[in-house]
Amino acid sequence: MPHIGIDLGTTNSLISVFENGEPHLIKNSLGTYLTPSIVSLDKDTLLTGDLAKARMVTHPLETAAVFKRTMGADKAYKLGKKQFTAVELSAAVLRSLKEDAQNELKAEISDVVISVPAYFNELQRKAVRSAAKMAGLNPERLINEPTAAALAYGFQSLEEESSFLVFDLGGGTFDVSIMEVFEGVMEVKATSGDAYLGGEDFTAALISDLTTKLSPKQQKKPNLEALTKLAEQVKHGLSEKDSVHINLDTPNLTLDHHISRKDFEELATKLTTRLRRPIDRAMYDSGLSADELEKVILVGGATRMPLIRSLVAKHLRQFPESHIDPDHAVALGAAVQAGLIGKNEALKDVVMTDVSAFTLGIETSREFGNNHRAGYYLPLIERNSVVPVSREETIYPVHPQQTKLEIRVFQGEAPDVASNIFLGKLEVELPRQVDQDLNPATVRFTYDVSGLLEVDVTTHADDKSHSLLIKNLAGEMSDKEISDRLTQLEKLKVHPREDAHNVLLRARIEQCYAMARLGDREQIGEMLHAFDAILTTQNISEISKLSEQISEHLNMFEASYVQ
């Protein structure tokens, strides 16, 4: 069975395999490594990846993106007349990746390691597992994204002792982890992050600014969808040049605007402030200073922005490095983890440890005069504890006549349980007391690398134990629910792989036609007609030749309005 790793990203997703002693990325049906995490419904056909991305401007009501951010939440996405959850949309992306891998490796794919943001809570992690099962995959392990990236880097230099920080800014999430490598052991010292901060937020800042440059009549939803693509081009342009000029003149949208790197930095001030906090928390939890870090590694496509590289260099007082493509590192590391689980011979001397990203604890009450007030948080396993880990605390009932204890388990960092994530509860009967002494009990938490939390409560008076294994959290789909939704999704057609190139190019022509005007629009319309005509001949050689010519023309057209 192949050792498979998956980077299920907010913006793009990748799949990889560990073979011949090292990790390798697997190309999708279009011959690229990055598969956009986008899903679109075309009548009764479910499109994913680049095919779906091409419809974002032309068919925004049938297309969904950035749904990873709502994993574990009760949010529905309406595509046409059908509704989907983030779990179902993610399953569609995972199913596409699975098919690409099976086509490349000529083998069935089942067991996988999937990367998740380090700051995903348990509900979000359970949602990822449900999506994997819905796609016909067995998620053997979820690995934190910065840990996976560190594995990709550390795998190349396991003999060198070092401490380094991984700065992972993806499309929709941000994580930072501090690692130590010594004698073949990779140890996560601390991790922190923000599950709702990523490159998409920087794009949104540009969209907001560009919107203010439009007249009130032009500020319509179709135009705002077109601005999304424009903002992406501006963001990429500012990664290469000090300023860009937008010169757009279409029937519905006119814009002539200059924007510099300095302008962009000012627009993103609040976002860069949010980036600093997780760095400081991780440094504090690790007990290291910036001077003790041998290197700082950048991961995630959003780290290509010069303002991000500048922020990291100034904050940590050293220039960051990224000799592995920032978009590829997490997927490569996930494959290494898959190899570790599969006991691949090339990894027999490698040991990997990780930490709990959040604090785990229980609800308690506090005494105020003659009254007790519940709702307070008692941590048992502190964040950034090395897993597997086991901790215990002794607790007491509020009064001697109390007949049972209700152990309510939470995850989070707030002092009040109302602001933390509820994971589950366990009721424990207390033995009858003959005196007025309080009847104590010991609560033990045991947390393992697979994300399972076992809660054991032992009452001292009779030495009886009660256990709760927290694996079916609120919000997780049952096996039957997954099976039922899978049956419904299978009724939708999935677009054939062999037509993907042609469908994508035709969608791109439509997109450019919508943006063009006058002579440009007429020329692009002729391209569309010519392309449809050549497709009917089924002459692969002629189709390929015309596709190259059209792509060149479209490249020049798109470059003409962002310079």
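## Thoughts on the pattern of salt bridges
So, step 1. Enumeration according to the criterion identifies 22 salt bridges in this entry.
So, step 2. In this structure, Asp201 and Arg69 form a salt bridge, with 2.2 Å as the shortest nitrogen-oxygen distance. Taken together, the residues Asp201 in helix H5 (residues 199-212) and Arg69 in the loop between strand E7 (63-65) and strand E8 (76-79) connect sequence positions 132 residues apart.
So, step 3. By relative accessible area, which is 16% here, Asp201 ends up buried.
So, step 4. Classification of Arg69 as buried rests on a relative accessible area of 18%.
So, step 5. With a closest N to O distance of 2.6 Å, Arg408 and Glu363 form a salt bridge. A residue pair is termed long-range when its members are at least 10 positions apart, and Arg408 in strand E23 (residues 404-411) and Glu363 in strand E19 (residues 360-368) qualify at 45 residues.
So, step 6. Sharing partners across several salt bridges, the network here consists of Lys229, Arg508 and Glu558.

## Some details on helix H2 (residues 86-105)
What sets the pattern is the α-helix's 3.6 residues per turn: residues three or four places apart point alike.
So, step 1. The first and last C-alpha atoms of H2 sit 28 Å apart over 20 residues, in line with the 28 Å expected at 1.5 Å per residue.
So, step 2. Taking burial as the measure, the 20 residues of H2 include 16 buried ones, the bulk of the element.
So, step 3. One or two residues past the end of H2 sits Lys106, with phi positive at roughly 55°.

## Things to note about the sheet that holds strand E26 (residues 453-459)
So, step 1. Taking strand neighbours across the sheet as the criterion, the four strands line up as E22-E25-E26-E27 in an open arrangement whose pairing is antiparallel. Among the strands making up the open sheet, the edge pair consists of strand E22 (389-395) and strand E27 (464-470). In this sheet, neighbouring strand axes are inclined to one another by 15° on average, regardless of whether the strands run parallel or antiparallel.
So, step 2. One ladder, built from seven bridges, connects strand E25 (residues 441-447) with E26; its direction is antiparallel. Its bridge partner lying in E26, Arg444 is registered against Asp456.

## Concerning the domain arrangement of the protein
How big an interface is tends to be reported as the loss of accessible area on association of its parts.
So, step 1. Taken domain by domain, the protein holds domain 1 (3-197 + 269-355), domain 2 (199-268), domain 3 (358-486) and domain 4 (498-560).
So, step 2. Of note, the centres of domain 1 and domain 3, computed from C-alpha atoms alone, are 31 Å apart.

## Some words on the side chain of Ser13
So, step 1. Mapped onto the elements of the fold, Ser13 is located in strand E2 (residues 12-19).
So, step 2. Among the polar contacts listed, one links the side chain of Ser13 to the backbone nitrogen of Gly9, at a separation of 3.1 Å.
So, step 3. Excluding residues within four positions of it along the chain, Ser13 makes contact with Asp7, Leu8, Tyr33, Leu34, Thr35, Ser37, Val93 and Leu97.

## Considering the packing of aromatic side chains
So, step 1. In the structure shown here, the tally under the stated rule is four aromatic pairs.
So, step 2. Summarising the aromatic geometry, the rings of Phe167 and Phe174 are spaced 4.8 Å apart at their centres and angled 55° between planes, so their arrangement reads as tilted.
So, step 3. Phe167 gets classed as buried once you look at its relative accessible area, which sits at 0%.
So, step 4. Their ring planes at 80° and their centres at 6.5 Å tell us that Phe202 and Phe264 sit as a pair that is edge-to-face. Note that Phe202 is positioned in helix H5 and Phe264 in helix H7 (residues 261-267), a separation of 62 residues in sequence.
So, step 5. Taking the ring centre of Phe120 as reference, the NZ or CZ of Lys68 above it sits at 6.0 Å.

The rules behind each value
Residues numbered from 1 in each chain as written. Predicted model: local features only at pLDDT ≥ 70, side-chain atom pairs only at ≥ 80, totals over all residues. Heavy atoms only, no water. Salt bridge = Lys/Arg side-chain N within 4 Å of Asp/Glu carboxyl O. Helix = DSSP H or I, 4+ residues; strand = E, 2+ residues; numbered from the N terminus. Buried < 20%, exposed > 50% of the residue type's maximum accessible area, 1.4 Å probe, protein only. Expected span 1.5 Å × (residues − 1). Pairing = 2+ DSSP bridges. Axes fitted to C-alpha atoms, helices over the stretch in contact; angles between N-to-C directions. Domains from an automatic or database assignment. Polar contact = N/O pair within 3.5 Å; in protein donor to acceptor, adjacent residues only side chain to side chain. Contact = heavy atoms within 4.5 Å. Phe/Tyr/Trp six-rings, centres within 6.5 Å; stacked < 30°, edge-to-face > 60°. Lys NZ or Arg CZ within 6 Å of the ring centre and 35° of its normal.

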